[in-house]
Amino acid sequence: KQKATLPETNSQHITLKIPDVFWDLFWENPWMKDEFMKLGAEVLQSIARERGLIAGIFMALHTFGRDMKRNVHLHLSSTCGGLTLDHKTWKKLFYAQPAVMQRWRKAILDWLESCLDREDFTPLPSTVEGVSDRAALRLQIQQYRNRYWHVYLQKPSKSHVRNVNYLGRYIKRPPIAESKLTDYDGKNITFRYLNRKTQQHENKTLDAMTFIEKLTDHIPDKNFRLIRYYGFLANSVRGRLLPLVRSLLNLPEPQP
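Here is a short report on the structure shown in this document. (Residues numbered from 1 in each chain as written. Predicted model: local features only at pLDDT ≥ 70, side-chain atom pairs only at ≥ 80, totals over all residues. Heavy atoms only, no water.)

## Side note on the pairing of strand β4 (residues 70-79)
Two faces, one strand: in a regular strand the side chains alternate between the faces of the sheet.
No. 1: Counting buried residues in β4 gives nine out of ten residues, a clear majority hidden from the surface.
No. 2: Strand direction decides the pairing type here: strand β1 (residues 11-17) and β4, joined by seven bridges, are antiparallel. Across the sheet, T15 pairs through a bridge with H75, a residue of β4.
No. 3: Examined bridge by bridge, strand β3 (residues 56-64) and β4 share seven bridges and lie antiparallel to one another. Within β4, the position partnered with A60 by the bridge is H75.
No. 4: Two successive antiparallel strands, β3 and β4, enclose a turn made up of five residues, where M68 displays a positive phi of approximately 75 degrees. (Buried < 20%, exposed > 50% of the residue type's maximum accessible area, 1.4 Å probe, protein only. Helix = DSSP H or I, 4+ residues; strand = E, 2+ residues; numbered from the N terminus. Pairing = 2+ DSSP bridges.)

Put into C-alpha cells, the structure is as follows:
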C-alpha cells in the first residue's frame, strides 16, 4: 500500500543515532520516544524550509541493536525534492551529512537539557560520588556538545521501494529473527549476530529469562506509532498535497 501511495521520485535514507549513555533514559521516561521522533523530523524539515520547500518524510523508531541490547535511533526516508511553499513547483533537495549531524546533535542536547527542568523526568542514577543525578546528566550533555555523532546518509536512490521494504521489515519482526537462534539446552539460548564494530559474526549466550527480558524490553507501548509521516506525507495534508506532487512529477494516480 505504501509503495503505491508514496511518489516515485529520488529519496535519501538517513539514520540518526545518539550516544549510548543516553539510551536508558527512554525506558525511565517512555514519553521521550514520542518527542524523539518529532525532533528527528524537525531537523530535516528545518533544512527543507530554509530552501523554501516541503519534503515528504517517513520514519521508523528502532530501540534495539543486532545483539538485542538497547540502542535508540531513527531511520528516515526523505524525498530528494519538495513542493515550494506556494505548492506550485517541485524543486530538488539534498541533505549533507555535516549539516544534519550538527543540527541533530544540538537538537537532542538542547532537548535533554530542557528535560532536566521537568517534574515528570527521571534521570539515570549518577555514577559520580557527591554529584546529583540531574547534575551528572547536565555534565554529560556538555561533554557531548563538541563530539562527533554517528549520523549516516546514504546516497539518493531512484526509488522509495527499498526504503519501504527496509523500514517495514523492522516493524514486522522482533529484535532477533528466529533463524538467528542456534542452540537451546533447556536453560541457555545461543544466537548469532553481526558485530558492527568488527564486521564479524559472533555468538552470544544468555539464560532463558534474560533472553525473554531483552525481547520484551522492546515491545512498544500500546497505541504507540513506530512509523510516522511528515511534510507533504503527513496524514493531515497528504490528501491535498500528494495529488499536487504527482501532477508536478507527471505520475499517475495509484490504483486502489
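Now that the structure is up, let's keep going.
## Observations concerning helix α4 (residues 97-115)
No. 1: Over its 19 residues, α4 extends 27 Å from the first C-alpha to the last, a length consistent with the 27 Å expected when each residue adds 1.5 Å.
No. 2: Looking at the buried side of α4, the elements it contacts are β1, α2 (25-28), α3 (32-50), β4, α5 (133-143) and β7 (151-153). (Expected span 1.5 Å × (residues − 1). Contact = heavy atoms within 4.5 Å.)

## A closer look at the sheet that holds β7
No. 1: One open sheet holds the five strands; their spatial order is β7-β1-β4-β3-β11, and the pairing between them is antiparallel. Whereas interior strands pair on both sides, the edge strands pair on one side only; in this sheet they are β7 and β11 (227-231). Averaged over all pairs of adjacent strands, the angle between strand axes in this sheet comes to 20 degrees, irrespective of strand direction.
No. 2: Of the strand pairs in this sheet, β3 and β11 are connected by five bridges, and their pairing is antiparallel. Paired with G56 across the two strands is G231, which belongs to β11.
No. 3: The strands touched by α3 within the sheet are β1, β3, β4 and β11, with β3 carrying the most contacts at an inclination of about 140 degrees.
No. 4: Each of β1, β4 and β7 is contacted by α4, which is oriented at about 145 degrees to β7, the strand it contacts most. (Axes fitted to C-alpha atoms, helices over the stretch in contact; angles between N-to-C directions.)

## Some thoughts on a positive patch on the surface
No. 1: A surface patch of like charges, here positive, comprises R66, R169, K180, R192 and R196.
No. 2: Judged by its relative accessible area of 36%, R192 falls in the partly exposed class. (Patch = residues over 30% accessible without salt bridge, like charges linked within 9 Å, V, L, I, M, F, W, Y side chains within 5 Å. Areas by Shrake-Rupley, 256 points an atom, 1.4 Å probe, with all protein chains shown as cover. Salt bridge = Lys/Arg side-chain N within 4 Å of Asp/Glu carboxyl O. Lys, Arg positive; Asp, Glu negative; His and termini not counted. Charge placed at Lys NZ, Arg CZ, Asp CG, Glu CD.)

## A few points about the sheet that holds strand β9 (residues 188-195)
The pairing of strands in a sheet happens through backbone hydrogen bonds and is either parallel or antiparallel.
No. 1: If you trace the three strands from one edge of the open sheet to the other, you get β8-β9-β10, paired in antiparallel fashion. Two strands lie at the open edges of the sheet, namely β8 (181-184) and β10 (200-207), each paired on one side alone. With direction set aside, neighbouring strand axes in the sheet form an average angle of 25 degrees.
No. 2: Relative to β10, β9 is paired through eight bridges, and the arrangement is antiparallel.

## A short note on the pattern of salt bridges
No. 1: Applying the stated criterion across every chain, the model contains 14 salt bridges.
No. 2: In this structure, E35 and R118 form a salt bridge, with 3.0 Å as the shortest nitrogen-oxygen distance. In this pair, E35 is assigned in helix α3 and R118 in the loop between α4 and α5, connecting sequence segments 83 residues apart.
No. 3: Ionic pairing is found between R138 and E113, a salt bridge with its closest N-O pair at 3.6 Å. You can see R138 sitting in helix α5 and its partner E113 sitting in helix α4, a full 25 residues away along the chain.
No. 4: Under the relative-accessibility criterion, R138 is labelled partly exposed at 35%.

## Observations concerning the pairing of β9
No. 1: For β9, a buried count of six out of eight residues is recorded, marking the element as mostly surrounded by other parts of the structure.
No. 2: Between the antiparallel neighbours β8 and β9 lie three residues, among them G186 with a positive phi of about 100 degrees.
No. 3: Connecting β9 to the next strand, β10, in antiparallel fashion are four residues, including Q199 with a positive phi near 60 degrees.

Don't take any of this as a statement about function, it's just geometry.
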